[in-house]
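Read off the chains here:
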Amino acid sequence: MVLSDTLSGTSAARIGPDAHPVDVDRPHPEISFAGVGKRYDGKGSGDVVALTGIDLQVREGEFVAVVGPSGCGKSTLLRLASGLERPSSGTVAVRTDSVGFIFQEATLLPWRKVLRNVELSAELRGIDRGTRRARATRALDAVGLTDFAGKLPGQLSGGMRMRVSLARALALEPRLMLLDEPFGALDEITRLSMQEELLRLYRDNVFTALFITHSVSEAVFLAGRVVVMSARPGRAHEVIDIDLPAARTRELRFDPAYTELVSRVSRSLKEAC
Ligand SMILES: Nc1ncnc2c1ncn2[C@@H]1O[C@H](COP(=O)(O)OP(=O)(O)OP(=O)(O)O)[C@@H](O)[C@H]1O
Ligand SMILES: [Mg+2]
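Conventions used here
Residues numbered from 1 in each chain as written. Chains lettered and ligands numbered in written order. Predicted model: local features only at pLDDT ≥ 70, side-chain atom pairs only at ≥ 80, totals over all residues. Heavy atoms only, no water. Core = buried A, V, L, I, M, F, W, Y, C linked by side-chain atoms within 4.5 Å. Buried < 20%, exposed > 50% of the residue type's maximum accessible area, 1.4 Å probe, protein only. Helix = DSSP H or I, 4+ residues; strand = E, 2+ residues; numbered from the N terminus. Contact = heavy atoms within 4.5 Å. pLDDT = per-residue confidence, 0-100. Salt bridge = Lys/Arg side-chain N within 4 Å of Asp/Glu carboxyl O.

Here we come to the nonpolar core. Counting residues in hydrophobic clusters, the biggest one holds 53 residues, and the most contacted among them are F63, V118, V220, V226 and V265. At seven residues, helix 4 (residues 158–170) tops the list of elements feeding residues into this core. Among residues more than four places away in sequence, those in contact with F63 are L198, L199, Y202, A209, F211, L222, A223, G224 and R225. Within the second largest apolar cluster, 24 residues are counted, among which are F33, C72, F101 and I212.

So this is what it looks like as structure tokens:
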């Protein structure tokens with residue numbers, strides 16, 4: 001999928017089999033932002049330049065986290081990657097149509113039981129009933145909620161609802177997972193266990209992840225690279241390699257190498273704002 005547009009809006013998006021592949025090195029980037037800017041129409045109150053000059057590649061199988069101050073364009077970046085928005089300048093190229101999107105709120109349908117909520121994305125994609133039921137059952141098992149398949153969302157805790165949301169995205173078996181502050185509304189203890197659960201799912205299901213967060217410690221714990229964005233208009237201020245072991249256990253949070261990286265990203269964020 002290649003999305004491209006200009007400020008004047010004259011060039012249409014190119015999506016699907018006729019899209020031109022971008023010229024990339026191997027391993028292929030799953031997402032490539034090249035000179036991307038995004039300007040929103042202020043509808044008479046002045047346009048908002050949300051992003052400018054974004055050059056970023058997310059490699060296949062990589063876990064990249066993005067941190068930055070509120071309003072710096074993090075959600076915009078994710079919506080561009082998902083194809084929900086088009087860039088005002090530059091090019092966004094995404095190699096796969098197999099994309100799972102997880103929002104900050106669990107966004108479940110309150111009248112549908114948990115299993116049927118998990119099936120929803122697959123249903124909307126037109127995946128046949130037998131396949132989507134099998135995938136949903138597997139995904140629910142992966143997030144440890146098999147026993148809650150027949151409950152309604154209102155009968156679950158906030159952390160459980162977020163796990164249902166994760167399961168719903170997993171049921172699509174996506175190659176690319178886009179996550180917009182998925183754990184922002186959770187209490188600290190639930191949040192830490194959800195981070196560990198997400199990493200387990202990432203390892204088991206082999207997808208590429210672009211993860212937005214306000215939390216520096218969360219970004220460092222999860223990611224292989226952290227993109228630090230500057231305040232509006234958002235730019236990639238610095239990209240920091242997180243040189244920690246692939247197996248991120250609970251003990252890692254007390255490791256001096258981890259705390260040093262948290263300080264390093266925090267310093268970069270302070271410079272950027
Ligand atoms: N649909 C829209 N129309 C107009 N302006 C928008 C729209 N969406 C976002 N913006 C503006 O673009 C800028 C970036 O918004 P965005 O939601 O991407 O920020 P963010 O980094 O995700 O913020 P937060 O951390 O608070 O979620 C903000 O100034 C916002 O007001
Ligand atoms: Mg946001």
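Take the confidence of the model for the protein next. Put simply, the protein has an average pLDDT of 87, and 90% of its residues get 70 or more. When the criterion is pLDDT under 50, residues 2–26 qualifies, and its contacts beyond four places in sequence or with other chains add up to 45 contacts.

Taken as a whole and judged by the stated rule, the model has 20 salt bridges. In this structure, the salt-bridge partner of E238 is R264, at a minimum N-O distance of 3.1 Å. Of this pair, E238 sits in strand 10 (residues 236–241) while R264 sits in helix 7 (residues 256–272), placing them 26 residues apart in sequence. By relative accessible area, which is 22% here, E238 ends up partly exposed. On the accessibility criterion, R264 (32% relative accessible area) is partly exposed.

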